[in-house]
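Results of the structural survey
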Amino acid sequence: WMLLNIGQMMKQQQQLGYVSGSMLLVNIFQAIYVWDGIFQEKAILTTMDITTDGFGFMLLFGIAIHTIGYLIFRGANSQKDAFRRNPNSDQVSHLKFMQTKRGTKLLTSGWWGMARKINYTGDWIMGLSWCLTCGFGSIVPYFYAIYFLILLIHRSIRDDHMCQQKYGDDWNTYKKLV
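For the structure given in this document, a descriptive report is provided here. The structure displayed is predicted, hence computed values, not measured ones. (Residues numbered from 1 in each chain as written. Predicted model: local features only at pLDDT ≥ 70, side-chain atom pairs only at ≥ 80, totals over all residues. Heavy atoms only, no water.)

1. What about the pattern of salt bridges?
Using the following cut-off: The salt bridge criterion pairs a side-chain nitrogen of Lys or Arg with a carboxyl oxygen of Asp or Glu, the two atoms within 4 Å. A helix here means a DSSP run of H or I that spans at least four residues, while a strand means a run of E at least two residues long, and both kinds are numbered starting from the N terminus. Accessible area is worked out with a 1.4 Å probe on protein chains only. A residue is then buried under 20% of its type maximum, exposed over 50%, and partly exposed in between.
All told, the structure shown has 4 salt bridges when counted by the stated rule. Salt-bridge contacts for Asp81 lead to Arg85; the nearest nitrogen and oxygen are separated by 2.8 Å. Placement of both Asp81 and Arg85 in helix H5 (residues 57–85) is noted, with a separation of 4 residues, approximately one turn of the helix. A salt bridge links Asp159 to Lys117, with the nearest nitrogen and oxygen atoms 2.0 Å apart. With Asp159 in helix H8 (residues 143–167) and Lys117 in the loop between helix H6 (111–114) and helix H7 (118–132), the pair connects residues that are 42 residues apart, well separated along the chain. Considered together, Asp159 and Lys117 belong to a single accessibility category, that of buried residues.

Here it is as structure tokens:
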């Protein structure tokens, strides 16, 4: 966790020439949180997650949901990327596609045959999993999942509009297939 944070901070320094205040604060706050978890581990064993929720049932439930979301998200994005790079590779040559008038191919099987924005679904499931680990006692932990759902729906609408302009009648045909 900390290595990812530090890596992101270093990348920001490399790209922008400085580290923003918000990036620095996130690193500091999360470092304190990780340090506390390591050095106060004995106290974690007496938390509600362990003592009441059946040895972290809500955490395990959240991890399971997160894993499902990640598999969908990563599987769909990797499949599309592999197809774009080399549609004849053994990894993706079995996938069905629709040839467009502009010369590109739209996947109609595999992950992308299930839904047009299946990667968004996986991404949202991961976000929801973070909320689920908090249980169901309050709506507040679900703010992120609700916000992210609205963002993804809006993004999907914008993307659909851009694809309509890009592919024309082919997009209408594609939407009937997927």
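2. A word on the packing of aromatic side chains
Pairs of aromatic rings are described using the distance from one ring centre to the other and the angle between the two planes. The test is simple: Ring geometry is summarised as follows: Phe, Tyr and Trp rings, the Trp one being its six-membered ring, pair when their centres sit within 6.5 Å, and such pairs are stacked at plane angles under 30 degrees, edge-to-face over 60 and tilted between the two.
Applying the stated criterion across every chain yields a total of 8 aromatic pairs. Where Tyr144 meets Tyr147, the ring centres are 6.5 Å apart and the plane angle is 45 degrees; that geometry is what we call tilted. Taken together, the residues span about one helical turn, with Tyr144 and Tyr147 both in helix H8 at a distance of 3 residues. The class for Tyr144 is partly exposed, based on a relative accessible area of 31%. Owing to a relative accessible area of 42%, Tyr147 belongs among the partly exposed residues under this scheme. Arranged with centres 5.9 Å apart and planes meeting at 20 degrees, the rings of Tyr167 and Trp171 form a pair that is stacked. Take Tyr167: its relative accessible area is 13%, and that puts it in the buried class.

3. Side note on the packing of H7 against H8
So the rule is basically this: Working convention: axes come from line fits to C-alpha atoms, limited for helices to the stretch in contact. Angles between N-to-C directions cover 0 to 180 degrees. Just so you know how the angles are binned, under 35 degrees is roughly parallel, over 145 roughly antiparallel, 65 to 115 roughly perpendicular, and the rest oblique. What makes two residues a contact is simply this: any of their non-hydrogen atoms within 4.5 Å. Any residue outside Ala, Val, Leu, Ile, Met, Phe, Trp, Tyr, Cys, Pro, Asp, Glu, Lys and Arg is labelled polar, Gly included; the first ten of those are nonpolar and the last four are charged.
Where H7 contacts H8, the axes come no closer than 9 Å and their chain directions differ by 170 degrees. For the element pair H7 / H8, the angle class is roughly antiparallel. Note on element contacts: H8 touches H7 through Tyr144, Ala145, Phe148, Leu149, Leu152, Arg155 and Ser156, opposite Tyr120, Asp123, Trp124, Gly127, Leu128, Trp130 and Cys131. Here the contact of H7 with H8 is composed, by residue class, of 10 nonpolar, 2 polar and 2 charged.

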